[in-house]
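Remarks on the overall topology
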Amino acid sequence: MKNPSFEELLHKEKEFVLQTYSRYPVALKKGKGVYVWDLQGKKYLDFFAGIAVNDLGYAHKQIKKAVQRSLNRLIHASNYFYLEPQISLAEKLSLSSSQGKVFFANSGAEANECALKLARVYGNQCQPRRGTILTLENSFHGRTLATLFATGQAKYHAGFEPAVGKYVYLEPNNISRIDSVLSDDVSSVLIELVQGEGGVRVMDKTFISALSEKCRKKNVLFMVDEVQTGLGRTGRLFAYEHFGIIPDVITLAKPLAGGLPMGVAIIKRELAGLLKPGMHASSFGGGYMVCSVANCVIDLIRKEKFLSHIREMGDYLSGQFKALKQKYDFIAETRGLGLMQGMQLKFNGKEIVQKALEKGLIINCIQENVLRCLPPLVIEKEHIDRAVSILDSVFSDAAGK
Ligand SMILES: *Cc1c(COP(=O)(O)O)cnc(C)c1O
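Predicted model only: the values in this text are computed from it and were never measured. (Residues numbered from 1 in each chain as written. Predicted model: local features only at pLDDT ≥ 70, side-chain atom pairs only at ≥ 80, totals over all residues. Heavy atoms only, no water.)

Attention shifts here to the overall build of the protein. Scanning the protein from terminus to terminus reveals 14 helices and 17 strands. Relative to a compact globule of 401 residues, whose C-alpha radius of gyration would be 21 Å, the protein shows 21 Å and is just as compact. Based on the C-alpha atoms only, the size of the protein along its principal axes is roughly 65 × 55 × 45 Å. Going through the 401 residues of the protein one by one, you find that 54% of them count as buried. Looking at the protein alone, contacts between residues at least 24 apart form 72% of all its contacts between residues at least 6 apart. As displayed, the protein has an accessible area near 19000 Å², and 53% of this comes from carbon and sulfur atoms. In the protein, 52 positive and 40 negative side-chain charges are present, and the distance between their average locations comes to 4 Å. (Helix = DSSP H or I, 4+ residues; strand = E, 2+ residues; numbered from the N terminus. Rg over C-alpha atoms; globule rule 2.2 N^0.38 Å. Buried < 20%, exposed > 50% of the residue type's maximum accessible area, 1.4 Å probe, protein only. Contact = heavy atoms within 4.5 Å. Areas by Shrake-Rupley, 256 points an atom, 1.4 Å probe, with all protein chains shown as cover. Lys, Arg positive; Asp, Glu negative; His and termini not counted. Charge placed at Lys NZ, Arg CZ, Asp CG, Glu CD.)

With respect to the helices and strands, M279 occurs in the loop between α10 (269-272) and α11 (288-301). The sequence separation of M279 and L74 amounts to 205 residues, and the corresponding C-alpha distance is 27 Å. When sequence neighbours within four positions are dropped, the list of residues in contact with M279 reads K117, V121 and L274.

Another point: helix α4 (residues 84-95). With 12 residues, α4 extends 17 Å between its outermost C-alpha atoms, agreeing within 8% with the 16 Å of an ideal straight helix rising 1.5 Å per residue. Listing the buried residues of α4 in full gives P85, Q86, S88, L89, A90, K92, L93 and S94. Tucked into the core, α4 has its buried residues touching β4 (101-105), β11 (249-252), β12 (263-267), α10 and α11. (Expected span 1.5 Å × (residues − 1).)

Around the ligand, the structure places S107, G108, A109, N112, F140, H141, G142, E192, D225, V227, Q228 and K254. At 2.8 Å, a backbone N or O of A109 approaches an oxygen atom of the ligand. Contacts to the ligand include F140, whose backbone N or O atom sits 3.2 Å from a nitrogen atom. Taking 380 Å² as the accessible area of the ligand by itself, protein coverage stands at 80%. Take the shell around the ligand: its biggest share by element is three residues, from helix α5 (residues 108-125). (Near = heavy atom within 4 Å. Polar contact = N/O pair within 3.5 Å; in protein donor to acceptor, adjacent residues only side chain to side chain.)

Attention now goes to the pattern of salt bridges. Per the stated rule, a full pass over the model turns up 14 salt bridges. The shortest N-O distance in the salt bridge between K217 and E213 comes to 4.0 Å. You can see K217 and its partner E213 sitting in helix α9 (residues 205-217), four residues apart, about one turn around the helix. In this structure, D397 and K359 form a salt bridge, with 3.8 Å as the shortest nitrogen-oxygen distance. Of the two residues, D397 is situated in helix α14 (residues 381-400) and K359 in the loop between α13 (350-358) and β15 (361-362); the sequence distance between them amounts to 38 residues. Taking the relative accessible area as the measure of exposure, D397 reaches 44% and is therefore partly exposed. The class of K359 is partly exposed, set by a relative accessible area of 37%. Among the charged side chains, a network of salt bridges with common partners joins K92, D299 and R302. (Salt bridge = Lys/Arg side-chain N within 4 Å of Asp/Glu carboxyl O.)

Right, let's talk about the environment of L271 for a bit. Mapped onto the elements, L271 comes out in helix α10. With relative accessibility at 10%, the residue L271 sits in the buried group. Taking the C-alpha atoms as reference, L271 lies 17 Å from D225; in sequence the two are 46 residues apart. For L271, the contacting residues outside a window of four places in its chain are L118, Y122, L221 and D248.

Once that is clear, we can look at unusual backbone geometry. With an omega of -5 degrees, the peptide bond running from Q127 to P128 counts as cis. Within the fold, P128 resides in the loop between α5 and β5 (132-136). In this structure, A59 takes a positive phi of about 55 degrees despite not being glycine. Considering the arrangement of structural elements, one finds A59 in the loop between α2 (49-52) and α3 (61-71).

As a further point, take the nonpolar core. Grouped together as the largest cluster of nonpolar side chains are 81 residues, with contacts concentrated most on F47, M262 and F395. With nine residues, α11 is the largest single contributor of residues to this core. Apart from residues lying up to four places away in sequence, F47 is in contact with L317, L361, I362, I363, R372, C373, L374, P375, I379, H383, I384 and A387. A146, F149, Y156 and L275 belong to the second largest nonpolar core, which has 28 residues in total. (Core = buried A, V, L, I, M, F, W, Y, C linked by side-chain atoms within 4.5 Å.)

A separate point is the sheet that holds strand β6 (residues 166-170). The sheet built from seven strands is open, its strands ordered β4-β12-β11-β10-β7-β5-β6 with mixed pairing. Looking at strand neighbours, the two that pair on one side only are β4 and β6, the edges of this open sheet. Looking at each pair of strands side by side, their axes are set apart by 20 degrees on average, direction ignored. Relative to β12, β11 runs antiparallel, the two being bridged by four bridges. Paired with L252 across the two strands is V264, which belongs to β12. (Pairing = 2+ DSSP bridges. Axes fitted to C-alpha atoms, helices over the stretch in contact; angles between N-to-C directions.)

Here is the structure:
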């Protein structure tokens with residue numbers, strides 16, 4: 001069969017795929033390491049990594065091996081059976097985080113759904129009953145109906161009302177607002193420690209300390225959405241480690257299964273009994289193959305040497321971004337943690353992304369003017385230098401206009 005041309009693909013996509021995405025004008029064909037190639041054979045340096053999913057880069061030897069091993073045994077079996085890779089993965093996740101118990105789902109939104117269901121059960125058992133969940137303005141927790149309204153951005157709610165669930169939204173890093181928003185009806189808090197889609201916004205340590213302390217005093221569950229920040233992205237295995245807290249619930253997804261779909265909620269032991277047999281389930285969750293791959297991913301990422309590599313690369317990238325800010329006054333701010341770095345521009349960043357793409361660099365723009373970089377964690381200094389030099393040349397063209 002002949003490969004379709006790019007134009008044919010474009011045409012068919014419009015015809016047959018639900019038009020909910022605005023895509024880059026590129027059709028990808030393969031990847032290796034930190035690079036991907038399009039249909040026409042053009043090579044790109046990938047500083048987006050499939051939205052922080054491909055953290056070990058493309059075509060990683062050990063991931064391929066894990067897939068292969070599982071292919072020869074089982075792809076799926078269902079949760080009617082005990083599966084060794086699922087149980088060993090749960091043990092690893094638990095022992096390297098809160099020592100909690102793990103629920104297996106298939107995406108970030110589903111991992112958060114589990115957290116939100118736990119929050120409901122917990123709130124319903126409180127005396128008096130508590131029905132509200134606190135999240136942050138600008139947050140992003142997913143696109144299912146519950147996670148959509150947990151997401152503190154009105155633009156995503158529009159058209160999907162009525163809201164599913166009762167939420168209050170707190171302004172990030174505003175300590176003085178906590179008391180008025182954290183009412184007696186709040187059962188739980190769900191937050192990102194570095195907001196991803198909301199614009200690469202890092203929470204202040206003082207804000208998180210104050211919020212978590214108030215939650216502890218009022219017996220409010222403190223749940224952290226680490227779907228994007230978890231598993232090394234910020235230079236620690238989990239972002240909460242930067243803040244000196246251990247959340248009651250941790251959700252993970254994006255990079256967990258090396259590109260295969262998986263989401264998990266890790267629930268502290270003393271709360272784990274709230275979800276009893278039959279109260280939550282997933283057909284695909286914790287499947288043999290995804291768990292085999294995730295075991296491999298976590299073994300590679302949790303090595304201290306790898307985590308220090310991420311911190312080193314993160315510091316270097318952040319330093320290079322700061323240097324660009326010195327040079328171009330249309331860069332309003334640079335910010336981030338580890339290899340989650342953003343740059344806020346004084347104008348819409350769409351064209352910058354497009355020009356970078358033309359020069360062979362994949363980045364992302366969110367909230368209209370925040371350039372977001374989420375390179376694979378296996379990135380090296382030379383790749384950062386290349387990416388920064390492409391950005392520099394795109395910026396210098398933009399400045400010349
Ligand atoms: C991407 C993301 C989600 C949603 O994950 P999906 O797998 O797309 O459902 C939830 N929370 C955060 C912080 C995310 O970055």
